[in-house]
Amino acid sequence: MKTRAIALTASLALAATAVAAPVAAVEPFADEDKPYVAIVSKGFQHQFWLAVRAGAEAKAEELGMEVNFIGPENESQVDKQMEMLQAEYDKDPDAVCFAALDSVAAIPLLEQMQADDIPVVAFDSGVDSDIPITTAATDNVAAAGLAAEKMLEMVGEGAQVGVIVHDQTSRTGIDRTEGFIAKAEELGLEIVGPQFGGGDHAKSADLAKAMMQANPDMAGFFAGNEGSAIGTLLAVDELDMAGEIVVIGYDSGKAQIDAIKDGSMAGAVQQNPVGIGAWCVEAAAMALQGEEVPDPIDTGYLWADASNIDSEEVMAVLYE
C-alpha cells in the first residue's frame, strides 16, 4: 500500500457554516405556569448526548420549564425508544422533543400527539413527517459533504475511501451517508461501503478491519459519528496502518480530540450539541407561547483539525 501523509496544516482551516446564533428570545414561564416537556433522545451511549442534555436542561432552567431527558441504553434500541416515547405521551406533556432512532417508526404515536395539540420538536434527527413543528439539527448532508472535500485534499482524486456510519434508519445516519458519498463521488473518490456499526466501537472496528483487508489500496475512512470514528481508529491502529490511512470523524469527545491532537485522526466535523439541546427546548417554549417557530433550525457545524482545535470558536462546541 502506498503511504499517504496526513496533512494537518493551516490550509485545513475552520470551515463551512458558523455555529448558529440563538433562534429567538422568549419570556420565562411563571412558577405556576411551569410547562412539562418530555425530551426523548437517541440514548446515552456517547458523550454527545450528555452535551445535548446539558444544553436542554440549562435552557429549561433559564425559562422556568420542567424537562425529563431520557433515552435507551444504546442507539440500536428502536423498540425501547418507542416504549419511552409512549410512556412520556401517557404523562400528557405540554410539549415533546424527539430525536428519532428510526425516521418512520414513531409516526403513528406522533400523530396521536398532534391530535392532542401537543407540539413536537424534532432535534438532531428528524422524522419522515411534517408533524414536528421544527427540527433543530445540523445540516448533516452539507456537513458530511464538507468531510468529503477535506478527504479529497488529503488523499487525492481516484483514491478509495471507506464509509462507516452508525445506522441507516435515523435521519442523521441517512443524511451523513448520502451527503458524504454524493460529494465524494462528485469529486472523483471511489467509495467502499457504506457499512453500519451501530455506533459501537468494537463492531465498527471489525467492519473497518474487514474493509481494509479486502481493499489493500484504501486511502481513508469517513466515520459518521463518535462511536464509528473511535472504532475505525482502533482498527487502523490494530492493523498498524496509522499514517497510511486518513481518518475523518464526526463530533468530538475526548478520544477524538486526543486523536486529532496526536495526528492519528486528520480532523472531524463538529456539531453544536449543547446548542441543539438548548434550541429544542427554546422552540418548545416558543410554540407554547404562541410564537412563530423557525423551521428548520440550522444549528451549524465547524471543521476541526490540529491547526484550529484549540481556537476559541472550535473549543466552544467541543465536549469531553
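Values in this document were obtained by computation on a predicted structure and should not be read as measured data.

Novice: So what about the overall build of the protein chain? Which residues, and what values?
Specialist: Each helix and strand in the protein chain was counted, giving ten helices and twelve strands. The C-alpha radius of gyration computed for the protein chain amounts to 20 Å, which stays within 12% of the reference 20 Å derived for 320 residues, consistent with globular compactness. Burial status across the protein chain gives 57% buried among its 320 residues. Long-range contacts, defined here as pairs at least 24 residues apart, represent 77% of the contacts in the protein chain between residues at least 6 apart. Taken as a whole, the protein chain presents about 12,500 Å² of accessible surface, with 47% of it coming from carbon and sulfur. Averaging the positions of the 16 positive and the 54 negative side-chain charges in the protein chain gives two centres separated by 7 Å.

Novice: Kindly report on the pairing of strand β10 (residues 267-270), identifying the contributing residues and their values.
Specialist: Burial of β10 is two-sided: the residues G267 and V269 facing one way and the residues A268 and Q270 facing the other way are all buried. This β-α-β element, strand β9 (residues 246-250) to helix α8 (residues 254-262) to β10, shows right-handed connectivity. Of the pairings in the sheet, the one linking β10 to strand β12 (residues 302-304) comprises three bridges and is antiparallel in character. Pairing of V269 across the sheet is with W303, part of β12.

Novice: Just give me the short version of the packing of helix α4 (residues 140-155) against helix α5 (residues 171-186), but keep the residues and values in it.
Specialist: Remark: α4 packs on α5, axes separated minimally by 7 Å, with the N-to-C direction vectors making an angle of 40°. By the angle between their axes, α4 is oblique relative to α5. The handedness of the crossing between α4 and α5 is right-handed. Contacts between α4 and α5 pair N140, V141, A144, G145, A147, A148 and E149 from the former with T172, D175, R176, G179, F180, K183 and A184 from the latter. Of the residues belonging to the contact of α4 with α5, the class tally is six nonpolar, four polar and four charged.

Novice: Give a detailed account of the pairing of β9, specifying residues and quantitative values.
Specialist: Each regular strand displays side chains that alternate between the two surfaces of the sheet. When you tally the buried positions in β9, you get five out of five residues, the bulk of the element. On β9, burial covers both faces: V246, I248 and Y250 on one face and V247 and G249 on the other are all buried. Two strands pair when backbone bridges link them, and strand β8 (residues 218-223) and β9 are joined in this way by three bridges, in the parallel orientation. Counterpart to F222 in the pairing with β9 is I248. Running through helix α7 (residues 226-238), the crossover from β8 to the neighbouring parallel element β9 is right-handed.

Novice: Explain the sheet that holds strand β2 (residues 66-70) residue by residue, including any values.
Specialist: Pairing within the open sheet is parallel, and its six strands lie in the order β2-β1-β3-β4-β5-β11. A strand with exactly one partner marks an edge of an open sheet, and here the two such strands are β2 and β11 (297-298). By the bridge criterion, four bridges tie strand β1 (residues 36-40) to strand β3 (residues 95-98) in an arrangement that is parallel. Its bridge partner being in β3, V37 is matched across the sheet by A95.

Novice: Give a detailed account of the nonpolar core, specifying residues and quantitative values.
Specialist: Ranked by internal contacts, the top residues of the largest apolar core, which has 31 residues, are V37, I39, M65, C97, F123, V281 and A284. Per-element tally for this core: the top contributor is helix α9 (residues 273-288), with eight residues. Not counting the four nearest positions on each side in its chain, V281 is found in contact with I39, A56, K59, A60, M65, V67 and C97.

Novice: Any details on the sheet that holds β8? Residues and values, ideally.
Specialist: One open sheet holds the six strands; their spatial order is β7-β6-β8-β9-β10-β12, and the pairing between them is mixed. Each having just a single partner strand, β7 (190-196) and β12 make up the two edges of the open sheet. Put simply, the sheet's adjacent strands are angled 20° from each other on average, direction ignored. On top of the sheet, α5 reaches β6 (160-165), β7, β8 and β9; it is set at about 170° to β7, its chief contact. Taken strand by strand, α8 contacts β9, β10 and β12, and its axis lies near 135° from that of β10.

Novice: Explain the packing of aromatic side chains to me, using residue names and the numbers behind them.
Specialist: Considering all chains together, one arrives at five aromatic pairs under this definition. With a centroid separation of 5.0 Å and an interplanar angle of 90°, the aromatic rings of F48 and W49 are classed as edge-to-face. W49 carries the same exposure label as F48, and that label is buried. Ring geometry for F180 against F222: centres 4.4 Å apart, planes inclined by 5°, an arrangement best described as stacked. Here F180, found in helix α5, pairs with F222, found in strand β8; they are 42 residues apart in sequence, far enough to count as distant. Under the relative-accessibility criterion, F180 is labelled buried at 0%. Three or more aromatic residues joined by ring pairs make a cluster, and in this case those are F48, W49, F69 and F123. We note R176 situated over the ring of Y250; from NZ or CZ to the ring centre the distance is 4.0 Å.

Conventions and cut-offs
- Residues numbered from 1 in each chain as written.
- Predicted model: local features only at pLDDT ≥ 70, side-chain atom pairs only at ≥ 80, totals over all residues.
- Heavy atoms only, no water.
- Helix = DSSP H or I, 4+ residues; strand = E, 2+ residues; numbered from the N terminus.
- Rg over C-alpha atoms; globule rule 2.2 N^0.38 Å.
- Buried < 20%, exposed > 50% of the residue type's maximum accessible area, 1.4 Å probe, protein only.
- Contact = heavy atoms within 4.5 Å.
- Areas by Shrake-Rupley, 256 points an atom, 1.4 Å probe, with all protein chains shown as cover.
- Lys, Arg positive; Asp, Glu negative; His and termini not counted.
- Charge placed at Lys NZ, Arg CZ, Asp CG, Glu CD.
- Right-handed = clockwise from strand over helix to strand, strands pointing away.
- Pairing = 2+ DSSP bridges.
- Axes fitted to C-alpha atoms, helices over the stretch in contact; angles between N-to-C directions.
- Parallel < 35°, antiparallel > 145°, perpendicular 65-115°, else oblique.
- Left-handed = near helix turned anticlockwise from the far one by under 90°.
- Nonpolar A, V, L, I, M, F, W, Y, C, P; charged D, E, K, R; others polar.
- Core = buried A, V, L, I, M, F, W, Y, C linked by side-chain atoms within 4.5 Å.
- Phe/Tyr/Trp six-rings, centres within 6.5 Å; stacked < 30°, edge-to-face > 60°.
- Lys NZ or Arg CZ within 6 Å of the ring centre and 35° of its normal.

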